[in-house]
Amino acid sequence: MTTLWGGRFSTKLNEQAWALNTSLPFDRRLALQDVRGSIAWAGALQKANVLTETECEQIVDGLQAVEKEFAEKAFVFAESDEDIHTAVERRLGELIGAAAGKLHTGRSRNDQVATDFRSWMLDSLPLLEDAIKGLQSVLLALAEAHQTTLLPGYTHLQRAQPVTFAHWLLSHFWSLQRDRERLQDLRARVALCPLGCGALAGTAFPIDRAALAQSLGFDMASPNSIDGISDRDFVAEYLFCCGLCGVHLSKISENIVLFTTAEFGFIELSDAYSTGSSLMPQKKNPDLFELARGKAGTMIGLLTGFMATLKGLPSTYDKDLQEDKVPVFQATDTLLAILPVLAGALETMNVNKERMSAAIDASMLATDVADYLVRKGMPFREAHAVTGKAVRAAAEKGLSLDQLPLSEWQALGPFEADVQQVFEVLKSIEKRNAIGGTSPQSVKNQIRIAKLKIKGD
Ligand code: ARG
């Protein structure tokens, strides 16, 4: 195999060693970024008088031809291509001859790969953001439609207090909003251009790195060549952003899996987003949500695995850093696969409002009973204890809390006949009217702000 570095070696690389060393199977995804980086580098070399105008033109024309081959999926890789950078340079040589050998002047694959990868990520960030936004839009539309749909809210997976379904849906909107904002914040740390850092010490030619960075769509040139070629914080952050988004999708999924059980019966998934059993003809399974839940675990592993790779490294480039690409591609592909499916599944699911509101029992309004006493002047701690006694009295009599006779209430505290009104679920919800509460009024306000967030960027 011919390599870019064969000069000082007497034999070619062992075949299995070659297979271990090569990154082409995965870094071919950086093809377009690599070609564009090289086009910009050729321009920078010409401005630095390293290339003549003719040489630069030849190289740029050649690279554009290579780019076209990639775009048309006509590019043929050779067995000797160690990585995408080698492949592009090899093909350029075939197309334009000797001038191709001048392109790599003053740069290294170390600054080249870091540049390509950051460019790739700059292209990928908006794709992820859009996919997240797609799911947010579905949650928002559902929330608009379910502003008075009642849902039992749970803590510890025990019935706790009633909320509206809209409020619950929006809780997931906001976690996804943070995911999207995190990706937007990350952009600034990705948009530093390492090209011109050379192998580690900087380039020995008078390259205008600031202009080069700009021409490639970066905000600025990385300020330190050693850091420039070895910094992979952006990779760890990206994996964290993906992993945390995965965790959020897992939470939505776990809820949906529960809600679709016969025991809950709150939601029925459309057939287009359910799967069956090979044995049990009656089964309708929420596999897609389970996959989303399961893949969150895999994505967390991608982050922790890569952090461990970084941990032991000494300064500058080490081949360990080649391990950065696969997890990023995998996390990206995973999220881009899950997000639209969850969006479609939620958009088409059937919501059983009757089952949801029937699952709200009177004991879920015990806090409202305590609040009733507070409004009559009793300290909350005391009101909590009195209400607790009422809950116990009802349970002992086999009654639900709203069935407790007035005489029993009055034996416990300053209750009057109007205590019955406490058990109107919608009234309870309407009281939670402060910012962020579950009242339809507060939720309407949330919807308004959520719409601005979706439109705003
Ligand atoms: N395939 C390598 C990577 O992904 C490219 C950089 C190689 N640099 C080197 N010094 N061997 O990191």
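Because the structure is predicted, anything quoted here is derived from the model rather than measured.

Asks: Please give an account of the nonpolar core that cites residues and values.
Replies: Judged by nonpolar contacts, the single largest core of 103 residues is most densely connected at Leu135, Phe165, Tyr238, Leu249, Ile256, Leu346 and Met349. Counting residues in hydrophobic clusters, the runner-up holds 25 residues, among them Leu150, Ala362, Ala370 and Ala383.

Asks: Tell me about helix 11 (residues 287-311), and please be specific about residues and values.
Replies: With 25 residues, helix 11 should reach 36 Å at 1.5 Å per residue; the first-to-last C-alpha distance of 36 Å fits that figure. Against the buried residues of helix 11 lie helix 10 (233-259) and helix 12 (325-348).

Asks: Account for unusual backbone geometry, naming residues and giving values.
Replies: With the exception of glycine, the majority of residues adopt a negative phi angle, and the majority of peptide bonds are in the trans configuration. In this structure, His156 takes a positive phi of about 55° despite not being glycine. Within the secondary structure, His156 is located in the loop between strand 1 (150-155) and strand 2 (158-164). At Leu157, a position not held by glycine, the phi torsion is positive, near 60°. The topology assignment puts Leu157 in the loop between strand 1 and strand 2.

Asks: Explain the site of the ligand to me, using residue names and the numbers behind them.
Replies: Around the ligand, the structure places Ser23, Asp27, Asp83, His85, Arg109, Asn110, Val113, Tyr317, Gln322 and Lys325. One of the side-chain N or O atoms of Lys325 is found 2.7 Å from an oxygen atom in the ligand. In isolation the ligand has 350 Å² of accessible area, and contact with the protein removes 86% of it. Examining the composition of the shell around the ligand, we find that 3 residues originate from one element, helix 6 (residues 109-145), more than from any other.

Asks: Please give an account of the environment of Ile338 that cites residues and values.
Replies: Residue placement: Ile338 occurs in helix 12. Put simply, Ile338 and Leu249 are 89 residues apart on the chain and 8.5 Å apart in space, counted from C-alpha to C-alpha. Not counting residues up to four positions away in its chain, the partners in contact with Ile338 are Leu249, Ala292 and Lys295.

Asks: Could you give me a rundown of the packing of helix 11 against helix 12, with the residues and numbers involved?
Replies: The contact between helix 11 and helix 12 brings their axes to 10 Å, and the two run at 160°. Viewed along their axes, helix 11 and helix 12 adopt a mutual orientation that is roughly antiparallel. For the pair helix 11 and helix 12, the sense of crossing is left-handed. Contact residues: Leu288, Phe289, Ala292, Lys295, Thr298, Met299 and Leu302 in helix 11; Pro327, Gln330, Ala331, Thr334, Leu335, Ile338, Val341, Leu342, Ala345 and Leu346 in helix 12. Looking at the contact of helix 11 with helix 12 residue by residue, the class counts come to 13 nonpolar, 3 polar and 1 charged.

Asks: Can you tell me about the pairing of strand 2, naming the residues and giving the values?
Replies: In this structure, strand 1 lies alongside strand 2, joined through 6 bridges in antiparallel fashion. Bridge pairing in strand 2 links Pro152 to Pro162. Linking two consecutive strands that pair antiparallel, namely strand 1 and strand 2, is a turn of 2 residues; a positive phi of about 55° is found at His156 within it.

Conventions and cut-offs
Residues numbered from 1 in each chain as written. Predicted model: local features only at pLDDT ≥ 70, side-chain atom pairs only at ≥ 80, totals over all residues. Heavy atoms only, no water. Core = buried A, V, L, I, M, F, W, Y, C linked by side-chain atoms within 4.5 Å. Buried < 20%, exposed > 50% of the residue type's maximum accessible area, 1.4 Å probe, protein only. Helix = DSSP H or I, 4+ residues; strand = E, 2+ residues; numbered from the N terminus. Expected span 1.5 Å × (residues − 1). Contact = heavy atoms within 4.5 Å. Near = heavy atom within 4 Å. Polar contact = N/O pair within 3.5 Å; in protein donor to acceptor, adjacent residues only side chain to side chain. Areas by Shrake-Rupley, 256 points an atom, 1.4 Å probe, with all protein chains shown as cover. Axes fitted to C-alpha atoms, helices over the stretch in contact; angles between N-to-C directions. Parallel < 35°, antiparallel > 145°, perpendicular 65-115°, else oblique. Left-handed = near helix turned anticlockwise from the far one by under 90°. Nonpolar A, V, L, I, M, F, W, Y, C, P; charged D, E, K, R; others polar. Pairing = 2+ DSSP bridges.

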